[in-house]
Amino acid sequence: MIRQRFTLLQRILHWLMAVGMLAMLFIGVGMVSTVAPKYLPLIAIHKSLGIAILVLALIRLAVRLGYGAPPLPADLPEPMRLAAYLSHYALYALMIGMPLIGWAMLSAAAYPVVAFGGVFLPAILPQSDVLHTLLWNAHFYLAFAFFALILLHVAAALFHLLVRRDGVFETMGPVTQRNELAPAE
Amino acid sequence: MPHQPPRSPRRSAFGSLVLIAVVVGVAAAAFAYTGGWLSPQRLTPDKIVQAFTPPTGPPLGHRRNHAKGVCFTGVFEANGAGSALSRATVFTRGQYPALGRFNLGTPDPNAPDATVRVRGMGLRISTPDGQEWRAAMIDLPFFPVSTPQGFYDLLLASSSKDPNAMKTLVGAHPEIAAFGAWAKSAPWTGSYAEEPYNGLNAFIFIDNSGAEHAVRWSLRPAAPAVPISNEDLAKRGPDYLEQEIAERVRGGPLSWTMVVAVANPGDPTADPSKAWPEDRQTATVGTLIVQQIQAEADGPCRDINFDPTVLPSGITTSDDPFPAARSSAYRVSYDLRTAEAKDYPRTATGAKP
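Being a predicted model, the structure only gives us computed values, none of them experimental.

J.: Before we go on, may I ask you to explain the packing of helix H1 (residues 8-31) of chain A against helix H2 (residues 39-67) of chain A in this structure?
T.: Packed helix pairs are characterised by how far apart their axes lie and by the angle those axes make with each other. Residue and element names in this part refer to chain A. Contact pair H1 / H2: the axes reach a minimum separation of 9 Å and the direction vectors enclose 150°. When the interaxial angle is binned, H1 and H2 end up roughly antiparallel. The way H1 lies across H2 gives a crossing that is left-handed.

J.: I keep staring at the packing of helix H2 (residues 45-52) of chain B against helix H3 (residues 148-159) of chain B and nothing clicks. Help me out?
T.: Residues and elements named next belong to chain B. Remark: H2 packs on H3, axes separated minimally by 9 Å, with the N-to-C direction vectors making an angle of 30°. With respect to each other, H2 and H3 are oriented roughly parallel. Of the two possible hands of crossing, H2 and H3 adopt the one that is left-handed. Residues Lys47, Ile48, Ala51 and Phe52 of H2 form the contact with H3, whose participating residues are Tyr152, Leu155 and Leu156. Across the contact of H2 with H3, the residue classes tally to six nonpolar, no polar and one charged.

J.: How should I be thinking about the interface of chain A and chain B in this particular structure?
T.: You'll often see interface size given as the accessible area lost when the parts meet. Facing the 36 residues of chain A at the interface are 44 residues of chain B. When residues of the side of chain A that touches chain B are traced back to their parent elements, those giving at least two are H1, H2 and helix H4 (129-164) of chain A. Here the residues of the side of chain A that touches chain B are counted per class, giving 21 nonpolar, 10 polar and five charged.

J.: Mind showing me how you'd approach the nonpolar core here?
T.: Considering soluble globular proteins, one finds that nonpolar side chains tend to be buried as a cluster. Counting residues in hydrophobic clusters, the biggest one holds 98 residues, and the most contacted among them are Val90, Val215 and Val260 of chain B. Ranked by residues supplied to this core, first place goes to helix H3 (residues 78-108) of chain A with nine residues.

J.: Looking at this structure, I do not really get the environment of His153 of chain A. What am I missing?
T.: Residues and elements named next belong to chain A. Inspection of the secondary structure assignment puts His153 in helix H4. What makes His153 partly exposed here is the crowd of 16 C-beta atoms within 10 Å. Each C-alpha atom of the pair His153 and Trp15 lies 13 Å from the other, and the pair is 138 residues apart in sequence.

Rules of the game
Residues numbered from 1 in each chain as written. Chains lettered and ligands numbered in written order. Predicted model: local features only at pLDDT ≥ 70, side-chain atom pairs only at ≥ 80, totals over all residues. Axes fitted to C-alpha atoms, helices over the stretch in contact; angles between N-to-C directions. Helix = DSSP H or I, 4+ residues; strand = E, 2+ residues; numbered from the N terminus. Parallel < 35°, antiparallel > 145°, perpendicular 65-115°, else oblique. Left-handed = near helix turned anticlockwise from the far one by under 90°. Contact = placed C-beta atoms within 7 Å. Nonpolar A, V, L, I, M, F, W, Y, C, P; charged D, E, K, R; others polar. Core = buried A, V, L, I, M, F, W, Y, C linked by C-beta atoms within 7 Å. Buried ≥ 20, exposed ≤ 12 C-beta atoms within 10 Å, placed from the backbone.

Here it is in structure tokens:
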């Protein structure tokens, strides 16, 4: 059977993480630009949410490898098909990589890594100014790349929904379209 | 293909593209706003760090303030008395490894000792459960200004060429007059060992019952203060304090008692420029013992950020706005100096991989 939509679990993970990752990016740029008292709760949330996203992303990757994805429309032009594949590889790499880079960056700076209000996580790297700088740069620049990629992803999703109307959006859509209730589901 | 609405495809396609552009544009603008790029008035940590920059340029590879210093290692001996106020492991009777840094409140790592009025200590106490208590304290008995914005204004006024800048500042932040009086009248000492180190910021201790106590802590030196004139200190050499403390510790460990003052209801916790009255309940919770001194370039304190918001369970921040502002600015300073490590070479003997 060819699946018409992502499984319910995949759709839940997608939308949950969409909210989480957007919050993460906004908190990230917000917290580093303030000295106000909210800096501390923001950075605490950033760490906890980062760990949560890492766990969810690993689950999501396993689910994706298990269930796969619905096929793209047969008439999708090759460049768009390629862009779709590449951007999804990049999104998976970033949603797993960014939390790990952040965790490693804090480890390389010898900061205790505390999440969820009091869970002390182990250091995953030894202290090193060279590694810290490398990871800091990666975390900083990849955050902007990540946000740009998410905007591209949103634009592409809306393009599928509103312009091409080819059913791609509906494969991950939060609501079930009446004419999409495939008997197999 | 699934649904195909009956609208004219061409016209709605154009409208859809506009809609997509608007969605992306609004999201990007919200992101830029959140990041402060549309709010030049926002007090950012980068601005504070920038305001420390001396006319000769930033001290590459060094802390952006309290840039001159020397590392120490030792232990914190908790006597158990702190457990009545906080459930943090560090107050349970016992010995815990301590790492720290004596320093001078200057952005110039080469400033002669006698030119720097404020001395400080960075401290990190580690407990076996992996938790840490970091603090950065100074020998002033109160902080010069009551808000982070006031501190930023002070930095700007200090480096301003406008002859009235300081006068304007005192008008806006009258509390700073007390600092001026202290700087003029407080005696100088010829040793880091003879200085008290005051936390100044109010923190909250949480005890085993969950009750919260607003506190400020101080390290009081065992060594008696021997006043010295500023001129005599200057004659001893530009780096006398580092040499002296190393020499003194070679002769035996040095100690400070940690005293925690507990606020009465109504005491100002949000304003470190206002000292609490002397009669407040205090608890002596332990002793810091300094056992070894190491030069900073290869020392264990070099790449530690003494961020005062790195706290164990049982200690948390209060409504004092400074720890957050300090944490934010210290982070920027740390990120800069670790990226500039090549400008502050380690020496061969203690070089890290």
